[in-house]
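# Architecture at a glance
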Amino acid sequence: MSLFKGDKNADSIQRLADYIDRSHSAVAITGAGISVAGGGVTYGQMIFSRRSFGSRRSSDTGSFMPTYLETMFSYKPSFAHYALADLEAEGKLIGIITTNVDCMHTIAGSKNVAEIQGSLQVNCCSDCGRHYDGYEIWQQDELPRCEDCGGEILPWPLYSHIGLWDADVKKAKAWISEADLILIIGTRGNFGDVYWNCRRRDAAIVQINPGHTGFDSAADLNIREPCDDVFRKVTERRGGHG
C-alpha cells in the first residue's frame, strides 16, 4: 500500500505536511516561480545572448551588469528555497532538479542540486577553455576575465546556447528514479522530458503553483498558492521542522 494513502478530506496544506512526514526520499522540481517569490525575475527575463553580453568593453559592461547581474544578486533566496534546504538537512529531500540558473538553491544551503540547464556556477573562458566554477566569480564590480589569457569568461547558459548540462541531467534521472514524493514548485516543466519518464510510478506528486501547467493532470495534489505561503504553513503544521 502506498505511503500516501491518507485523509483526502484534510486541507491541502495538511495533506502536504503528511506527505513530507511519510516520505523517505523526496525530490523537488523547481522553476522560475520559486525565485520570483524571493524577488527575482523569470528565466525569460534573465535570458542570455551574445549580443547583450557583449565583448566586455566598458560600454558593454555598463549595459550587461544592470540588466542581469545586479538584478540577480540584488535578491535573496525565498522562504521556499530555505525550506527545501532544511528538508534536505532533515534527511527528507534527496535532491532538487531545477531549470533556474541563479544559484539560489546553493546560496540557501542546498547541497544536492541538479541545475539541468547549467547556471552561473559553471563558467568557461571563451578563448582558452579554462573553467571557473562557482557563482562567486560574478559577485564583483567588474566582469571577470581569464587569469591565464585575459579572455571572456562565459557562464554555461551562454556558451552552450542554452543547452543542457549532462552531468546534472544524469543526477536528475537518478534522484527521480528513487523518489517516493515529487514536489513540483513554480515550474511549467521545461526539459522535463529528459528525466520525467525515469520517475517511480508509485511516487506521490504534489504541484505548488498559482497557475495551471502541464503537470496538473499528473499531480495527486495541486496547491494553487504562492510557494512561500505554502511552505510557511507547512512548516507550522509540522511543528517547526525545517
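Just above sits the structure.
Residues numbered from 1 in each chain as written. Predicted model: local features only at pLDDT ≥ 70, side-chain atom pairs only at ≥ 80, totals over all residues. Heavy atoms only, no water.

### Focus: the pattern of salt bridges
Scanning the entire structure with this criterion turns up nine salt bridges. One salt bridge connects Arg 130 with Glu 147, and the closest N-O pair in it is separated by 3.5 Å. With Arg 130 in the loop between strand E4 (123–125) and strand E5 (153–155) and Glu 147 in the loop between E4 and E5, this residue pair connects regions lying 17 residues apart in the sequence. Arg 130 gets classed as partly exposed once you look at its relative accessible area, which sits at 30%. With a shortest N-O distance of 2.7 Å, Lys 233 and Glu 225 are connected by a salt bridge. Relative accessible area serves as the criterion here: at 35%, Lys 233 is assigned to the partly exposed category. (Salt bridge = Lys/Arg side-chain N within 4 Å of Asp/Glu carboxyl O. Helix = DSSP H or I, 4+ residues; strand = E, 2+ residues; numbered from the N terminus. Buried < 20%, exposed > 50% of the residue type's maximum accessible area, 1.4 Å probe, protein only.)

### Quick word on the packing of helix H1 (residues 12–22) against helix H10 (residues 227–237)
Two elements in contact, H1 and H10, have axes whose closest approach is 9 Å; the angle formed by their N-to-C orientations is 65°. Between H1 and H10 the crossing geometry is right-handed. Residues Ile 13, Gln 14, Leu 16, Ala 17 and Ile 20 of H1 pack against Val 230, Lys 233, Val 234 and Arg 237 of H10. A breakdown of the residues in the contact of H1 with H10 according to their chemical character gives six nonpolar, one polar and two charged. (Axes fitted to C-alpha atoms, helices over the stretch in contact; angles between N-to-C directions. Left-handed = near helix turned anticlockwise from the far one by under 90°. Contact = heavy atoms within 4.5 Å. Nonpolar A, V, L, I, M, F, W, Y, C, P; charged D, E, K, R; others polar.)

### A look at the packing of helix H6 (residues 79–90) against H10
It is the contact of H6 with H10, at a shortest axis distance of 8 Å, that shows an interaxial angle of 45°. On the basis of their axis angle, the class for H6 and H10 is oblique. Every pair of crossing elements has a handedness; the one defined by H6 and H10 is left-handed. Within the contact between the two elements, H6 uses Phe 79, Ala 80, Ala 83, Leu 84 and Leu 87 and H10 uses Cys 227, Asp 228, Phe 231, Arg 232 and Thr 235. (Parallel < 35°, antiparallel > 145°, perpendicular 65-115°, else oblique.)

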